[in-house]
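Observations on the three-dimensional arrangement
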Amino acid sequence: MSSQNPSLNHDKDTVHKPSKEFSSKARISSMGAYRKLYKESIEKPNKFWAREAKELVWQKPWEKVLTWKAPHAKWFDGGKLNVCENCVDRHAAGPRKNKAAIIWEGEPGDKRVITYGQLQKDVCRFANVLLKNGVKAKDCVLIYMPMVPEAAIAMLACARIGAVHNVVFGGFAAEAIADRLEDSGAKVIVTADGGWRRGKVVALKPVVDEALTKSSQVTRVIVLNRCNNSIAMEPTRDVWWHDEVGTVSSKHIAKGFDSEHPLFVLYTSGSTGKPKGILHTSGGYLTGTYSTCKYIFDMRDEDVFWCTADVGWITGHSYIVYGPLANGVTQVMYEGAPNFPDFGRFWKMVEEYGVTIFYTAPTAIRAFIKAGNPFPEAHDLSSLRLLGSVGEPINPEAWNWYHKYIGGGKCPIVDTWWQTETGAILISPIPGATPCKPGTATLPFFGIDAAILDDAGKECKAGEDGRLVIRKPWPSMIRSIYGDKERFKKTYWSDYAGGIYSAGDGARRDKDGNFWIIGRLDDVLNVSGHRLGTAEIESALVSHPAVAEAAVVGRPDDMKGQAVAAFVTLKEEFVESENLRDELRNHVGKVIGAIAKPDDLHFAVGLPKTRSGKIMRRLLKELVCTGRISGNITTLEDGSVIDSLLRSIKR
Ligand code: WTA
């Protein structure tokens, strides 16, 4: 287990209480108010969630708040709603019609402002385009887009017609798309010619073309012209976004779908080679994202919210598209890299658009620290009132810098713990109430019964490490792994009996009850806030003709949190070389995507194995973390591999 928070003694940490100025205006303005509502929400969760869900528009009211046959939950059963209507139409129909929904900036500096009224027209047009191209309710649509408003428009259009979107992060490679296509069964792809990143066009359509060489299931590819880069169009299959929207009406009636109608599937890494398709449904997911935005980001009509995630990750789904739009706020969306043309880009945009709430990842904050204070100091960041962090534990140094240099010492920081599977934030400070300690996500959100259990299922005492679990169902929870109910049960519900969700994270609580997340307990790495399965990277390495065997472990990294360290045994006829090392790293980039490229790649004559043939990753982990192997090696099949491994990492 890797840890950004090695110290056990959290009781001496500096506590940052929210200012009176902030608290007095906040929805929840004291710990007393938090505790009272939390108690009520845990004693009567259905009452709490029903009250939240009632703030959404339902075309038919639900009959039952929760039907729970562990691990299967139905929230707001019998109810019908249209998720897109909740995010767009209800605002477009009222005083928010001409309010900016999305203020978008392209990396080259081009700008667009889309009002709620305009967003409604754009979404309706694209919903009609999907219908015209044969997409029906429950069909899956794969979206592979840069960070442009059309990515959100495509997602909302799917939701509008009851289609299930499967967004694939634009940094993933052709094989990763092909795997997800096959698993999700999508017949239609929405993509773009390319997107801008660090001053260059990153081509996307050619990657889709490559993914499609192995599959014939896709009948239509809808292509947005973002960059004018030259791409091939297959005349019987590919159509241009702008041509298509020109042929349809800007009107479409949003029909209600069952609360449990599938909304999207999003793939994430697990302990085995195959990524899992996390399935989320409609009414519960929207209630969770809506409610967490309202209380944790304390969103108001006058706020300008900016979440810097990519729509290809769950954070982009929940806190760019669904949560903020359901709250009717104005958001900033940005296409490119944080350091283009330099590390001042974010701060220039915060100043330009008067961003009030800013949500980013610790890895980005560490990169900003390294780049130096003159970047934020050159801009007026006084519009900011609240900061957020997500993706990995935020190390206290990053927390303090964020607080001082970005928040001007006055903004609370919500360190939000959650997962693709949880759909919405589950553990976080409530900004007007919770005293923050740098490094802890603090306390559970309303209705969330979080606990830390030992192997026997007993609740851990303060300071003791255990597994983070959620003991009661919550509306935005995962409903299944797409097409694999058994894996769903086994992965999340089999550590403990009685319908307890096991998050896969190690954690401990301090004396005040704050949750300190230690890190993943499974073979999943957290690299720059992105989940990468070691098995996935190993299988990419082994797919190269030179590789006989591979083992991947994480090592601590100052910038990325964790870095990828790979050990590779070559087939007899291949010889170790720097060229081959680069080739193997690039091969992983080609199979999965650049984010998965090993940072270190060690050639090894053999890998440490038990007598039953299992690779002893714990030894490799110790080796990359400490440069030594002192752990128990009595179960090792061949002790001589240790010496060669020690030599391999010294080289
Ligand atoms: C980690 C991202 C500590 C954790 C929303 C979790 C965190 C995994 C935090 C989920 C946090 C996320 N503090 N660790 N505030 N937020 N994590 O599915 O290990 O991409 O299990 O969802 O990220 O990653 P995922």
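For the structure, see preceding data.
Definitions and limits used
Residues numbered from 1 in each chain as written. Predicted model: local features only at pLDDT ≥ 70, side-chain atom pairs only at ≥ 80, totals over all residues. Heavy atoms only, no water. Pairing = 2+ DSSP bridges. Helix = DSSP H or I, 4+ residues; strand = E, 2+ residues; numbered from the N terminus. Axes fitted to C-alpha atoms, helices over the stretch in contact; angles between N-to-C directions. Contact = heavy atoms within 4.5 Å. Phe/Tyr/Trp six-rings, centres within 6.5 Å; stacked < 30°, edge-to-face > 60°. Buried < 20%, exposed > 50% of the residue type's maximum accessible area, 1.4 Å probe, protein only. Near = heavy atom within 4 Å. Polar contact = N/O pair within 3.5 Å; in protein donor to acceptor, adjacent residues only side chain to side chain. Areas by Shrake-Rupley, 256 points an atom, 1.4 Å probe, with all protein chains shown as cover. Nonpolar A, V, L, I, M, F, W, Y, C, P; charged D, E, K, R; others polar. Core = buried A, V, L, I, M, F, W, Y, C linked by side-chain atoms within 4.5 Å. Expected span 1.5 Å × (residues − 1). Parallel < 35°, antiparallel > 145°, perpendicular 65-115°, else oblique. Left-handed = near helix turned anticlockwise from the far one by under 90°.

Right, let's talk about the sheet that holds strand 17 (residues 330-334) for a bit. Read from one edge of the open sheet, seven strands run 5-4-17-16-18-19-20, paired in mixed fashion. Bordering the open sheet on either side are strand 5 (111-115) and strand 20 (413-416), each of which pairs with just one other strand. When the angles between neighbouring strand axes are averaged without regard to direction, this sheet yields 20°. Its contacts with the sheet place helix 5 (residues 116-132) against strand 4 (100-105) and strand 5, and it is angled at close to 90° to strand 5.

It is worth spelling out the packing of aromatic side chains at this point. This model, assessed by the stated rule, comprises 44 aromatic pairs. Ring centres of Y34 and F446 lie 5.6 Å apart, and the angle between their planes is 40°; on these two criteria the pair is classed as tilted. Placement of Y34 in helix 2 (residues 31-43) and of F446 in the loop between strand 20 and strand 21 (450-453) is noted, with a sequence separation of 412 residues between them. Per residue, the accessibility class of Y34 equals that of F446, and both read buried. Here the aromatic rings of F126 and W241 are separated by 3.9 Å at their centres, their planes lie at 10°, and the arrangement is stacked. In this pair, F126 is assigned in helix 5 and W241 in helix 9 (residues 241-245), connecting sequence segments 115 residues apart. By relative accessible area, which is 0% here, F126 ends up buried. Owing to a relative accessible area of 7%, W241 belongs among the buried residues under this scheme. One aromatic cluster is present, built from ring pairs that chain together W306, Y334, F343, F346, W347, F358, F368 and F375.

A few words now on the site of the ligand. The local shell around the ligand holds 17 residues, among which D415, T416, T420, D505 and R531 are the closest. Within the side chain of D505, an N or O atom sits 2.8 Å from an oxygen atom of the ligand. The fraction of the free accessible surface of the ligand (520 Å²) that becomes covered by protein chains is 96%. The set of elements that each furnish at least two residues to the shell around the ligand consists of helix 11 (314-326), strand 20 and strand 25 (515-520). Partitioned by chemical class, the residues of the shell around the ligand number six nonpolar, six polar and five charged.

This part is about the nonpolar core. One finds F297 and Y322 to be the most contacted residues of the largest nonpolar core, which totals 170 residues. No other element matches the ten residues that helix 6 (residues 149-161) contributes to this core. Every residue in contact with Y322, bar those within four places of it in the chain, is listed here: V83, C87, M155, L156, A159, H165, L263, F264, Y285, L286, T289 and H317. Membership of the second largest hydrophobic core comes to 28 residues, among which are A100, V304, I365 and F368.

With that settled, the discussion passes to the sheet that holds strand 24 (residues 501-509). Overall, antiparallel pairing links the four strands, which are arranged 21-22-24-25 in an open sheet. Of all the strands in the sheet, the pair left with one neighbour each is strand 21 and strand 25. Here the average twist between neighbouring strands, direction ignored, is 45°. Note: strand 24 against strand 25, five bridges, orientation antiparallel. Residue pairing for strand 25: G506 is matched across the bridge by G519.

This paragraph deals with helix 11. In terms of burial, helix 11 is largely enclosed, as 13 of its 13 residues are buried. Looking one or two residues beyond helix 11, the residue adopting positive phi is G328, at roughly 70°.

Let's shift gears to the side chain of S269. Looking at where S269 falls in the secondary structure, it is placed in the loop between strand 14 (262-268) and strand 15 (276-281). Here the side chain of S269 touches E536 through a polar contact of 2.6 Å, side chain to side chain. Other than its neighbours up to four places away in sequence, S269 contacts K276, V524, R531, L532, G533 and E536.

Its 14 residues place the ends of helix 10 (residues 283-296) 20 Å apart at the C-alpha level, agreeing with the 20 Å of an ideal helix rising 1.5 Å per residue. Positive phi shows up at D298, right after helix 10, with a value of about 45°.

This paragraph deals with the packing of helix 4 (residues 83-92) against helix 11. One way to put it is that helix 4 packs onto helix 11 with a least axis distance of 9 Å and a crossing angle of 55°. Here helix 4 lies oblique to helix 11, going by the angle between them. You can see that helix 4 and helix 11 cross each other, and the crossing is left-handed. Between helix 4 and helix 11, the residues in contact are V83, N86, C87, R90 and H91 and Y322, L325 and A326, respectively. Across the contact of helix 4 with helix 11, the residue classes tally to five nonpolar, two polar and one charged.

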